[in-house]
Amino acid sequence: MADIKYEIKETIGVLSEESKAWRKEINLISWNDKEAKYDIRDWSAEHEKMGKGITISKEELIKLKNLLNEMNL
């Protein structure tokens, strides 16, 4: 498998901590030197390992925000 290059441009926040070593985070990340996108996934403490996640554009994030605001929680 090819190496994946990534750079965390901005840390938005932590959604949860599953253990002391892993956290679910929202970050702005550039993958393989491409334009940075918003990303939600599990990360190890020093960001050397990652779990599966989802990467979305700013437009998709705005739509998600609007959908969440409409939910009756």
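Bear in mind the structure is a predicted one, so any value in this text is a computation, not a measurement.

(A) Geometry of the pairing of strand E4 (residues 50-56). For strand E3 (residues 37-44) and E4, the ladder comprises five bridges, and the chain directions are antiparallel. Note that in E4 the partner of Arg41 across the bridge is Gly53. Linkage of E3 to E4, two consecutive antiparallel strands, is achieved through a turn of five residues, within which His47 is found at a positive phi near 60 degrees.

(B) Structural view of the pattern of salt bridges. Across all of its chains, the model carries five salt bridges by this definition. Between Glu7 and Lys9 there is a salt bridge whose closest N-O contact spans 3.3 Å. The class for Glu7 is partly exposed, based on a relative accessible area of 44%. The salt bridge involving Asp42 is made with Lys24; its shortest N-O contact spans 3.4 Å.

(C) Region of interest: unusual backbone geometry. Although it is not a glycine, Asp33 sits at a positive phi angle of roughly 65 degrees. Along the chain, Asp33 falls in the loop between strand E2 (22-31) and E3. One non-glycine residue, His47, lies in positive phi territory at about 60 degrees. Relative to the assigned elements, His47 resides in the loop between E3 and E4.

(D) Quick look at the sheet that holds strand E1 (residues 6-17). If you walk across this open sheet you meet the four strands as E1-E2-E3-E4, and the pairing is antiparallel. Edge positions in the sheet fall to E1 and E4, since each of these pairs with one other strand and no more. The sheet shows a mean angle of 25 degrees between the axes of neighbouring strands, taken without regard to direction. Strands E3 and E4 of the sheet are contacted by helix H1 (residues 58-70), whose axis makes an angle of about 90 degrees with E4.

Conventions we followed
Residues numbered from 1 in each chain as written. Predicted model: local features only at pLDDT ≥ 70, side-chain atom pairs only at ≥ 80, totals over all residues. Heavy atoms only, no water. Pairing = 2+ DSSP bridges. Helix = DSSP H or I, 4+ residues; strand = E, 2+ residues; numbered from the N terminus. Salt bridge = Lys/Arg side-chain N within 4 Å of Asp/Glu carboxyl O. Buried < 20%, exposed > 50% of the residue type's maximum accessible area, 1.4 Å probe, protein only. Axes fitted to C-alpha atoms, helices over the stretch in contact; angles between N-to-C directions. Contact = heavy atoms within 4.5 Å.

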